[in-house]
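# Coordinate analysis (summary)
If you want the building blocks of each chain, they are given just below.
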Amino acid sequence: MVTVTSSKQTPLYDLHLQLGAKMTTFAGYQMPVQYKSGIIHEHLHCRSQAGFFDISHMGQCRVSGEHAAEALEKLTPGGIVDLKPGAQKYTVLTNAEGGVIDDIIVTLNASGLSLIVNAGCKDKDFAYLRSHLPADCLFEALSDLALFALQGPGAVAVMAKFSAEAGGLKFMQACATEIAGSVCHISRSGYSGEDGFEISLPQADAERIARLLLAEDGVEPIGLGARDTLRLEAGLCLYGHELKETITPIEAGLQWIFKKGHRDFPGAEKILAQWQNGAERVRVGLLVDGRIPVREGCEIVHHEQQVGTVTSGSFSPTLNRPVAMALLDRRFAEQGKVLTALVRNSAIPVTVTSLPFVPHRYLRK
């Protein structure tokens, strides 16, 4: 007997279909890849106006208790106990070998520590947290919540129309507020490199609030295709590509997330040795000559010697050329170094460059 398993749907599934989305299965959910105008249009629209993203497939949970921050800090490179109310931190969960279990966003609010985790890691993350947090910490999976992102230079004007408090946030700050009578938790953050917001709200209100936001001038729906090209241009890591259980945060270029002096977390010995001495491989950007995209898994070679592997690659609509990120032997990672990517039967010249490819436009002050 064959068991047929169907993929899950977000609360906006029917709305995506009405908007003409091309759907695909991603992390066990039916998600929009693109809408009628296509990935390049959606990408450029988000860079110039405002894009609406359904990210309800992501995992949301809460850790609470008197010592919740201290407990979570012992599972990450730190900074959790230093969070002030309404502040967010990007960090990672590490394993005993120094690899990354997942990258997460942590927010301190009135009810405890709210976490957002990657959709494909949700089940393992929740199991890991349940088993590694002490008994005096309460772990709750918030499966009744939806999650949206509103990204782009026009996002703040739209958000301020519905919530002056949310519109006044700075980058990596969050607040509890309302949008048209729906209680929401909104942060000024996102995954596009643009200024913008993420909105957590009850699933029961999801479609109504989504339609309100999409009805605003300059707001268009954006699918997973443009979400990926936006984050690639912004030089942001994607779990399963630049981050894995076999890739350390130092190799991924995440030194900036570490709390100085914090040594009590899984894999600390290996990770801190790499921080002090340098990792043998590092994440870099690659500018690709010509028009052929260099995709994940392509070998990077120097005089026929493999010196790295592409982790993400695509066409950059903003730069109008292919770009990629790679894990590269650090001896070949200096900016301006010309190497070769092997794409099927072609040898494509690539040049090592700094990240991001397109400057971030977060509101930091």
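What you see is a predicted model; the values in this text were computed from it and never measured.

### Considering the pattern of salt bridges
One pass over the structure, following the stated rule, counts 15 salt bridges. Asp289 is the salt-bridge partner of Arg321, the closest N and O atoms lying 3.9 Å from each other. Here Arg321, found in strand 18 (residues 321-329), pairs with Asp289, found in the loop between strand 15 (281-288) and strand 16 (299-302); they are 32 residues apart in sequence, far enough to count as distant. According to the relative accessible area criterion, Arg321 is partly exposed, its value standing at 27%. Each member of the salt-bridge network shares a partner with another, and the members are Arg47, Glu194, Glu233 and Arg361.

### Observations concerning the domain arrangement of the protein chain
Each assigned domain of the protein chain is listed here: domain 1 (8-57 + 144-234) and domain 2 (280-353). The straight-line distance from the C-alpha centre of domain 1 to that of domain 2 is 31 Å. Domain 1 puts 8 residues into the contact, and the matching count from domain 2 is 10 residues. Carbon and sulfur atoms supply 68% of the area buried between domain 1 and domain 2, which totals about 710 Å² over both sides. Of all residues in domain 1, Arg231, Leu232 and Glu233 give up the largest surface area on contact with domain 2, accounting jointly for 61% of the area buried on that side. Viewed at the interface, domain 2 and domain 1 are joined by 4 residue pairs in polar contact (both at pLDDT 80 or more). When residues of the side of domain 1 that touches domain 2 are traced back to their parent elements, those giving at least two are helix 2 (39-48) and helix 8 (224-233). In terms of residue class, the side of domain 1 that touches domain 2 is made up of 3 nonpolar, 2 polar and 3 charged.

Each value, and the rule that gives it
- Residues numbered from 1 in each chain as written.
- Predicted model: local features only at pLDDT ≥ 70, side-chain atom pairs only at ≥ 80, totals over all residues.
- Heavy atoms only, no water.
- Salt bridge = Lys/Arg side-chain N within 4 Å of Asp/Glu carboxyl O.
- Helix = DSSP H or I, 4+ residues; strand = E, 2+ residues; numbered from the N terminus.
- Buried < 20%, exposed > 50% of the residue type's maximum accessible area, 1.4 Å probe, protein only.
- Domains from an automatic or database assignment.
- Contact = heavy atoms within 4.5 Å.
- Buried area = accessible area lost by both parts, 1.4 Å probe.
- Polar contact = N/O pair within 3.5 Å; in protein donor to acceptor, adjacent residues only side chain to side chain.
- Nonpolar A, V, L, I, M, F, W, Y, C, P; charged D, E, K, R; others polar.

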